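Per-entry structural report
Given next are the chains, with one letter for each unit.
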Protein chains: 2
Amino acid sequence: MDVAILAHEKFPDLAKTATGVLRYGDRNVVAVIDRDRAGERVKDHLAGDVRDAPIVAGMDEVPAADALLIGISPIGGGFEESWRGDVRAALERGCDVISGLHYFLADDEEFAALAAEYGADLWDVRKPPEDLSVAEGIAGEVDAEVVLTVGTDCSVGKMTATMELARAAREAGHDACVIPTGQTGIMIEGWGNPVDRVVSDFTAGAVEEMVVERGGEYDYLFVEGQGSIVHPAYSAVTCGILHGAAPDLLVLCHEAGREAIHGYESFELPPISEYVDLYESLAAPVAPAPVVAGTLNTAGLEEGAAGEAIAAYEAELDAPATDPIRRDAADLLEAVL
Amino acid sequence: MDVAILAHEKFPDLAKTATGVLRYGDRNVVAVIDRDRAGERVKDHLAGDVRDAPIVAGMDEVPAADALLIGISPIGGGFEESWRGDVRAALERGCDVISGLHYFLADDEEFAALAAEYGADLWDVRKPPEDLSVAEGIAGEVDAEVVLTVGTDCSVGKMTATMELARAAREAGHDACVIPTGQTGIMIEGWGNPVDRVVSDFTAGAVEEMVVERGGEYDYLFVEGQGSIVHPAYSAVTCGILHGAAPDLLVLCHEAGREAIHGYESFELPPISEYVDLYESLAAPVAPAPVVAGTLNTAGLEEGAAGEAIAAYEAELDAPATDPIRRDAADLLEAVL
């Protein structure tokens, strides 16, 4: 399937869905749409093992494609009206539109009408299934070892760490599966419950259901964490995933240099050791899970500084850490498996 | 308004909505419906300052009433088919039906048709407003002192503690308001967001919105907590309320003798001191809030044993505690205000 990815004014650093799909998806990406970077290429901005594609200013410059994928999600998950022209143009070309926004495109009258007229599908990834319910407290009973990525904040690399760890485990010959909990993970894996969009009482249940479903088929489940346990807005989802997944082990994800909650700058991040204590003490009454490793996003640093930052992070964590993009998640397998 | 309260097989100990409305609501209760206790009276079971009413076996034995209120909510919030006859009978008499279930009566074809036919209203209290969004992290900025009740488990007395503390504060001459977060609180207060039913990403935001709305009008806000931070299914809601309300103080609520999570008996409750540490350390990065007092539900104990249990609980908490039903929430005001 050939897709174009919309990421206006946000590519690459604030377009984590776009970069996740470019790195880990199996769709062919024909273009990224970002009016601020038109004429550049994906490879100008993203290092490592990633699909390349041209960056264009709008849907009218995109070559033949089967779908337009919304690759950015502002705080709150709303639809930006400045994207409407591109979505309209995609539908008028018969392209499906795949979106992980809280705002459902299928509920937008203009998009629904255009989709019907041109025979295109609107796939709102964040629309949860109808049959979710409360957790039963049984995820801890699965045979698989469950590894959960947790974070110091949003957008510090939990999804990336999950994908890279699962890939490294598979390359090392293990039977490993990703449990996707957010829009990007679901777009990449092609299944999953959008845990941040379910009824709040069903948060843990939405994760437990997936862990139980896959826990008998695989030796290792890598559960994609969300948010942060100290986030003023999103900690509920983080906590629900922690207890719903009942993990055996935790991997703490952080971005080098991050000092305050993104978008909530009056809230300083606590020390790394406090995160370790918080996650472990909160996990313990439901399912004890030590923090056994860490990932550090060092994309903003030069190589020398990155190495120093990783070493410092390892010391704070008292556990092995790496940047899974700059280095290799396989470095953590010994601690995690 | 004259109401009947449905509480089949659960009155009084497992019917917290029923008992909450009997104790704190301003509606006149003409009957409680519980087929297991027909012929008895409310006062046979509930101590303290509570409305009395006869207990009957079904809606056909209820005298003239304006509404039937569903006073029980099973784990999961589903509708029990054994209640259908009573709801049907109420609607056929033109009674409104008020429900706090996750299952919306207005979406039930038979009930919707009967309500239309007989001119009755179906009020699904747990249906959240459409305009909720993510928290902005601003609840900590309100002028009012915010007191949040937190718990060791579900159904340990958080709603009761909230109502009793607010009442005691008002009786002592303070300008105090309840921030209701659950179906019972909303039924009693006549407003509020059903936090356990909102989109999980909006959990904190649904509480913050209420705190901000009332925080300029009152000196004290008593926020009704939900669940428990160690609950395998409901901790997400607890965590979202903790961070969304950004409380100044916490009151830890517990039931004497409770040793395991209700309905999840393989999960033992941690020691009280661990709860204090967990709630305080989780609150701190967003809004520091010490546990300054406790409430203990001693309904299952004789007077002597109750006194001993309260004294033991105070020692574990290292803070004053009381049973607000058996004793008086006013005993805690010095610690809380």
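Residues numbered from 1 in each chain as written. Chains lettered and ligands numbered in written order. Predicted model: local features only at pLDDT ≥ 70, side-chain atom pairs only at ≥ 80, totals over all residues. Heavy atoms only, no water.

1. Side note on the packing of helix α6 (residues 203–214) of chain B against helix α7 (residues 235–245) of chain B
All names here are of chain B.
- Contact geometry of α6 with α7 gives a least axis separation of 7 Å together with a crossing angle of 40°. Between α6 and α7, the crossing angle belongs to the class labelled oblique. Between α6 and α7 lies a crossing whose hand is right-handed. Along the contact surface, α6 presents T203, A204, V207, E208 and V211, while α7 presents A236, V237, G240, I241, G244 and A245.
- For the contact of α6 with α7, the per-class residue count stands at 7 nonpolar, 3 polar and 1 charged. (Axes fitted to C-alpha atoms, helices over the stretch in contact; angles between N-to-C directions. Helix = DSSP H or I, 4+ residues; strand = E, 2+ residues; numbered from the N terminus. Parallel < 35°, antiparallel > 145°, perpendicular 65-115°, else oblique. Left-handed = near helix turned anticlockwise from the far one by under 90°. Contact = heavy atoms within 4.5 Å. Nonpolar A, V, L, I, M, F, W, Y, C, P; charged D, E, K, R; others polar.)

2. Concerning the UniProt feature "domain: D-glutamate N-acetyltransferase-like C-terminal" (unreviewed entry) in chain A
- Here the UniProt feature "domain: D-glutamate N-acetyltransferase-like C-terminal" (unreviewed entry) sits at residues 134–333 of chain A.
- Within the segment residues 134–333 of chain A, helix and strand shares are 36% and 19% respectively, and the terminal C-alpha atoms sit 33 Å apart. (UniProt positions renumbered as here; feature names shortened; annotations may be inferred.)

3. Some points on the packing of aromatic side chains
- All chains considered together, the criterion is met by 6 aromatic pairs over all chains.
- An angle of 80° between the planes, with centres 5.5 Å apart, marks the rings of F79(A) and W83(A) as edge-to-face. Pair check on accessibility: F79(A) and W83(A) agree, each one buried.
- With a centroid separation of 5.9 Å and an interplanar angle of 35°, the aromatic rings of F79(B) and Y103(B) are classed as tilted. Residue F79(B) is located in the loop between β4 (67–70) and α2 (84–92), and its partner Y103(B) is located in the loop between β5 (96–99) and α3 (109–118); the two are separated by 24 residues in the primary sequence.
- Here a set of aromatic residues connected by ring pairs shows up, and it is made of F79(A), W83(A), Y103(A) and F111(A).
- When the ring centre of W191(B) is taken as origin, the NZ or CZ atom of R214(B), which lies over that ring, is 3.7 Å away. (Phe/Tyr/Trp six-rings, centres within 6.5 Å; stacked < 30°, edge-to-face > 60°. Buried < 20%, exposed > 50% of the residue type's maximum accessible area, 1.4 Å probe, protein only. Lys NZ or Arg CZ within 6 Å of the ring centre and 35° of its normal.)

4. Here's the deal with the domain arrangement of chain A
Residues and elements named next belong to chain A.
- With domains assigned, chain A is organised as domain 1 (2–124) and domain 2 (139–336).
- Relative to domain 2, the C-alpha centre of domain 1 lies at a distance of 26 Å.
- With 22 residues of domain 1 at the interface, the matching set in domain 2 holds 17 residues.
- Between domain 1 and domain 2 lies a buried interface of about 1700 Å² when both sides are counted; carbon and sulfur atoms form 60% of it.
- Sorting the residues of domain 1 by area buried against domain 2 places Y24, I75 and H102 first, and these three jointly supply 37% of that buried surface.
- Viewed at the interface, domain 2 and domain 1 are joined by 1 salt bridge.
- Linking D49 and R167 is a salt bridge whose minimum nitrogen-to-oxygen distance equals 3.5 Å.
- Across the contact surface, domain 1 and domain 2 share 5 residue pairs in polar contact (both at pLDDT 80 or more).
- Contributions of two or more residues to the side of domain 1 that touches domain 2 are made by α1 (16–24), β4 (67–70) and β5 (96–99).
- In terms of residues, the side of domain 1 that touches domain 2 owes the most to one element, α1, which gives 6 residues. (Domains from an automatic or database assignment. Buried area = accessible area lost by both parts, 1.4 Å probe. Salt bridge = Lys/Arg side-chain N within 4 Å of Asp/Glu carboxyl O. Polar contact = N/O pair within 3.5 Å; in protein donor to acceptor, adjacent residues only side chain to side chain.)

5. Details of the sheet that holds β4(A)
All names here are of chain A.
- Strand order across the open sheet formed by 6 strands is β3-β2-β1-β4-β5-β6, with parallel pairing between neighbours. Of all strands in the sheet, those bounded by a partner on one side alone are β3 (55–56) and β6 (122–124).
- Sheet topology note: the strand β1 (residues 2–6)/strand β2 (residues 28–33) ladder contains 5 bridges and is parallel. In the strand pairing of β2, V3 is matched with V29. (Pairing = 2+ DSSP bridges.)

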